[in-house]
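The residues making up each chain are set out below.
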Amino acid sequence: MVEENLRQVRTDIAAAASAAGRNESDIMLLAVSKTKPLSMLQEAYQAGQRRFGENKVQELVQKCSQMPGDVEWHMIGHLQTNKVRQVVGRAALIHSVDSLHLAQEIERESERQGVITSILMEINIAGEDSKYGIMPEDAIRFAAELSGLSHIRVKGLMTVAPFTDYAEENRKYFRKMKQIAVDITAQNIDNITMDILSMGMSGDYKIAIEEGSTCVRVGTGIFGERNYSK
Ligand SMILES: *Cc1c(COP(=O)(O)O)cnc(C)c1O
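From a predicted model like this one, the values you see are computed outputs, not experimental measurements.

Examining the pattern of salt bridges
- The tally for this structure, following the rule as stated, stands at 15 salt bridges.
- When the shortest N-O distance is used, the salt bridge between E210 and R171 registers 2.8 Å. Of the two residues, E210 sits in helix α8 (residues 205–210) while R171 sits in helix α7 (residues 171–186), which places them 39 residues apart along the sequence.
- Residue classification places E210 among the partly exposed residues on the basis of a relative accessible area of 37%.
- Since its relative accessible area comes to 17%, R171 is described here as buried.
- The closest approach of N and O atoms between E211 and R171, which form a salt bridge, is 2.7 Å. With a gap of 40 residues between them, E211 in the loop between α8 and β8 (215–218) and R171 in helix α7 connect regions that are remote in the sequence. Across the pair, R171 and E211 agree in class, each one buried.
- What emerges from the salt-bridge pattern is a single network uniting E168, R171, R175, E210 and E211.

Set out below in structure tokens:
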């Protein structure tokens with residue numbers, strides 16, 4: 001099932017890219033494997049998938065130790081400062097940096113380990129109370145604050161768009177994300193590039209691609225519904 005789903009998602013990504021006049025290879029697919037058993041990750045791996053996203057540190061660390069070494073791990077969930085130590089050096093990209101305090105902790109730990117950590121700034125694009133992320137109007141200021149942290153490279157922006165049954169409703173938020181990236185790029189801030197726009201999930205990734213996403217995070221569409229009741 002995972003293999004078929006993956007093939008379908010990749011086909012859909014290619015179609016959406018092509019329809020938008022974009023290159024399929026400019027869009028990375030993150031398989032969001034949170035709550036799913038190792039066997040399903042292995043199935044995805046067998047089907048050629050190498051990038052996986054997790055939202056809990058514990059789970060990321062555990063799966064990281066059990067999967068082949070060429071898997072690229074992405075931390076996509078809210079990150080507490082006391083767990084930064086376990087993520088730095090393991091995650092290829094931390095998508096969910098939403099405060100200077102957290103960034104400073106990533107900076108400290110990266111310096112300690114002698115590594116440079118790639119991060120994204122998480123934006124609460126619709127200003128939802130229930131969501132993490134900095135407000136759109138604070139994005140440029142936040143970028144400027146991160147610029148001084150020499151063991152961090154800001155690679156772009158991430159957002160979790162509102163939950164909706166009508167993906168088209170999120171188009172305006174994806175468009176706004178793209179505009180923020182353009183505005184930050186125009187500021188020419190040291191250590192900050194806007195190469196990655198991490199947006200679009202199972203329900204709305206095609207629209208996100210049409211609006212410029214370079215990284216879609218797909219869980220349900222690959223692994224099926226999650227069951228949190230266990
Ligand atoms: C769970 C999760 C996803 C994947 O959601 P689906 O709707 O299952 O594709 C993407 N991004 C983040 C941050 C998530 O927590």
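Here's the deal with the site of the ligand
- With respect to spatial proximity, the complete set of residues near the ligand consists of V32, K34, I76, M158, V160, M201, S202, R217, V218, G219, T220 and R226.
- Interatomic distance of 2.5 Å between a side-chain N/O atom of S202 and an oxygen atom of the ligand.
- Between T220 and the ligand, the recorded distance is 2.5 Å, taken from a side-chain N or O atom to an oxygen atom.
- Against a free-state accessible area of 390 Å², the protein chains account for coverage of 88% of the ligand.

Quick word on the layout of surface pockets
- Within this model, the largest pocket holds a volume of roughly 790 Å³.
- In terms of lining, the largest pocket is formed by 30 residues, of which the most central are K34, V160, M201, R217 and R226.
- Looking at the lining of the largest pocket residue by residue, the classes come out as 12 nonpolar, 10 polar and 8 charged.
- Here the second largest pocket defines a volume of roughly 200 Å³.
- Elements with a contribution of two residues or more to the lining of the second largest pocket: α1 (2–19) and β1 (28–32).

Some details on the state of the cysteines
- Tallying each qualifying case throughout the model produces 0 disulfides.
- The structure places no disulfide on C64, whose sulfur is separated from the nearest cysteine sulfur, that of C215, by 18 Å.

The rules behind the values
Residues numbered from 1 in each chain as written. Predicted model: local features only at pLDDT ≥ 70, side-chain atom pairs only at ≥ 80, totals over all residues. Heavy atoms only, no water. Salt bridge = Lys/Arg side-chain N within 4 Å of Asp/Glu carboxyl O. Helix = DSSP H or I, 4+ residues; strand = E, 2+ residues; numbered from the N terminus. Buried < 20%, exposed > 50% of the residue type's maximum accessible area, 1.4 Å probe, protein only. Near = heavy atom within 4 Å. Polar contact = N/O pair within 3.5 Å; in protein donor to acceptor, adjacent residues only side chain to side chain. Areas by Shrake-Rupley, 256 points an atom, 1.4 Å probe, with all protein chains shown as cover. 1 Å grid on protein atoms, 1.4 Å probe; cavity = no way out; pocket = protein on both sides within 12 Å on 5 of 7 lines; lining within 4 Å. Points joined across faces, edges and corners; volume = space filled by probe spheres on them. Nonpolar A, V, L, I, M, F, W, Y, C, P; charged D, E, K, R; others polar. Disulfide = S-S within 2.5 Å.

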